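Residue-level structural notes
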Amino acid sequence: MAKKLNENNLAEQPVINWLKEMGYDYEFGPDLAPGGIKAEREFKDVVLKERLKRSLKRLNPDLPDSALEEAMRALLSFEHPNLEMANKEVYRMLTHGIAVEVREGKEARGRIVKVIDFENPLNNEFLAVNQFAIQGIDKVRRPDVVIFVNGIPVAMFELKSPTTESGTMRSAYEQLQDDYKRDIPDIFKYNQVLVVSDLFDARHGTVSSSWEWFSVWRGIEGENEKHNGVSELEVLTRGIFHK
């Protein structure tokens, strides 16, 4: 019997395969959830805390554990009534680091905790997870693929099967905007890239992008490349998510 066509084997799996080829680690979402074989998170958690903790230690070897714990609390507990403002502040933490105080003798000195190593990208931990179930305010939501850097969910793919009439990029965008933002707003605080695709065509945007501003990614190494026979989804995945 022919294998049933669904979102997983049509869209999720190719994305995961491309990311693995690019050196990403991979985990199946249910394995990380309570009762899973690795069980490293609660259903409400959107940040993989143990991965973040060890990354902060690796990136800031000269800082005491107390400073790293302070930075981690700041990143995990930040709240703002406006989701876009929360996203902007978290972006600042990810790109500029988190200010903490470290006591040196009788003096307290300001230091910066690095969250992502931009000078040496390979010093970061890159992970792709599919079917990442999150307990939302009213419902459980399962983003198709989530990209983590040092345990932080910086990107999300919503992938639709082209075998159904409702499997459009616009429906994927509306699901992110209407359902996910309402039910699992916490993940959007950390998000930097949203991807929607119907397997062939693909668009990317940000938390604040309207549908009109979701756009095609033009190349892997540069905008003027020719990729005959290569889907927009593959070009986008290999282009945006190169380490």
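To keep things clear, this report deals only with the structure shown in the data block. (Residues numbered from 1 in each chain as written. Predicted model: local features only at pLDDT ≥ 70, side-chain atom pairs only at ≥ 80, totals over all residues. Heavy atoms only, no water.)

**As for the overall build of the chain**
The line we're drawing: Each helix corresponds to a stretch of at least 4 residues labelled H or I by DSSP, and each strand to a stretch of at least 2 residues labelled E; elements are numbered beginning at the N terminus. Accessibility here uses a 1.4 Å probe with only protein chains present; expressed as a share of the type maximum, an area under 20% marks a residue as buried, one over 50% as exposed, and anything in between as partly exposed. Using a 1.4 Å probe, the Shrake-Rupley method yields the accessible areas, and only the shown protein chains count as cover for residues. Charge counting treats Lys and Arg as positive and Asp and Glu as negative, with His and both chain ends excluded. One atom stands in for each charge, and that atom is NZ of Lys, CZ of Arg, CG of Asp or CD of Glu.
Of regular secondary structure, the chain possesses 8 helices and 10 strands. C-alpha extents for the chain along the principal axes are approximately 70 × 45 × 35 Å. When the 243 residues of the chain are sorted by exposure, 49% land in the buried category. Summed over all atoms, the accessible surface of the chain reaches about 12,700 Å², with 50% contributed by carbon and sulfur. Side-chain charges in the chain split into 33 positive and 40 negative, and the spacing between the mean points of these groups amounts to 3 Å.

**A few points about the nonpolar core**
Here is the rule: Working definition of a nonpolar core: buried Ala, Val, Leu, Ile, Met, Phe, Trp, Tyr and Cys residues. They are joined through side-chain atoms within 4.5 Å. Pairs of residues are marked as contacts when any of their non-hydrogen atoms sit within 4.5 Å.
Formed by 65 residues in total, the largest nonpolar core has its most connected members in Leu75, Val115, Ile147, Phe157 and Phe241. No other element matches the 6 residues that strand S8 (residues 152–159) contributes to this core. In contact with Phe157, other than residues within four places in its own chain, are Val15, Pro143, Asp144, Val145, Ile147, Val195, Leu233, Thr237 and Phe241.

**Observations concerning unusual backbone geometry**
Positioned with a positive phi, Asn150 is a non-glycine residue whose angle comes to about 55°. Examined against the element boundaries, Asn150 turns out to sit in the loop between strand S7 (145–149) and S8. Taking the relative accessible area as the measure of exposure, Asn150 reaches 0% and is therefore buried. For Leu199, which is not glycine, the phi dihedral falls at a positive 90°. Along the chain, Leu199 falls in the loop between strand S9 (193–197) and strand S10 (202–205). For Leu199, a relative accessible area of 13% gives the class buried.

**Topic: the sheet that holds S8**
We apply this condition: Should DSSP find at least two bridges between two strands, the strands are regarded as paired. Only the contacting stretch of a helix is used when fitting its axis, a line to C-alpha atoms as for every element, and angles between N-to-C directions run 0 to 180 degrees.
Strand order across the open sheet formed by 6 strands is S1-S4-S7-S8-S9-S10, with mixed pairing between neighbours. Each edge of the sheet is formed by a strand with only one pairing partner; in this case those strands are strand S1 (25–28) and S10. For this sheet, the mean angle separating the axes of adjacent strands, direction not counted, is 20°. Of the pairings in the sheet, the one linking S9 to S10 comprises 4 bridges and is antiparallel in character.

**Quick notes on the pattern of salt bridges**
The test is simple: Salt bridges are defined by distance alone: a side-chain nitrogen of Lys or Arg within 4 Å of a carboxyl oxygen of Asp or Glu.
Per the counting criterion, the structure on display carries 21 salt bridges. Close ionic contact of Asp45 with Lys49 constitutes a salt bridge, the shortest N to O distance being 3.7 Å. For Asp45, a relative accessible area of 11% translates into the label buried. Between Glu119 and Lys114 there is a salt bridge, with the nearest N and O atoms lying 3.7 Å from each other. What emerges from the salt-bridge pattern is a single network uniting Glu27, Lys38, Glu40, Arg51, Arg54 and Glu125.

**Observations regarding the packing of aromatic side chains**
Inclusion rule: Only Phe, Tyr and Trp rings take part, Trp by its six-membered ring, and two of them pair if their centres are within 6.5 Å. Stacked means planes under 30 degrees apart, edge-to-face means over 60, and tilted covers everything else. In our convention, an over-ring charge means Lys NZ or Arg CZ found within 6 Å of a ring centre and within 35 degrees of that ring's normal.
Taken as a whole and assessed by the stated rule, the structure comprises 6 aromatic pairs. When the ring of Tyr24 is compared with that of Phe126, the centres are 5.4 Å apart and the planes differ by 65°; the resulting orientation is edge-to-face. Taken as a pair, Tyr24 in the loop between helix H1 (7–21) and S1 and Phe126 in strand S4 (residues 126–130) lie far apart in primary sequence, 102 residues in all. Considered together, Tyr24 and Phe126 belong to a single accessibility category, that of buried residues. Here the aromatic rings of Phe132 and Phe148 are separated by 5.2 Å at their centres, their planes lie at 65°, and the arrangement is edge-to-face. Of this pair, Phe132 sits in the loop between S4 and strand S5 (134–135) while Phe148 sits in strand S7, and the two are 16 residues apart along the sequence. Comparing Phe132 with Phe148, the two get one shared label, buried. Members of the aromatic cluster, joined through ring pairs, are Tyr173, Trp211 and Phe214. Lying over the aromatic face of Phe132, Arg41 brings its terminal NZ or CZ to 3.9 Å of the ring centre.

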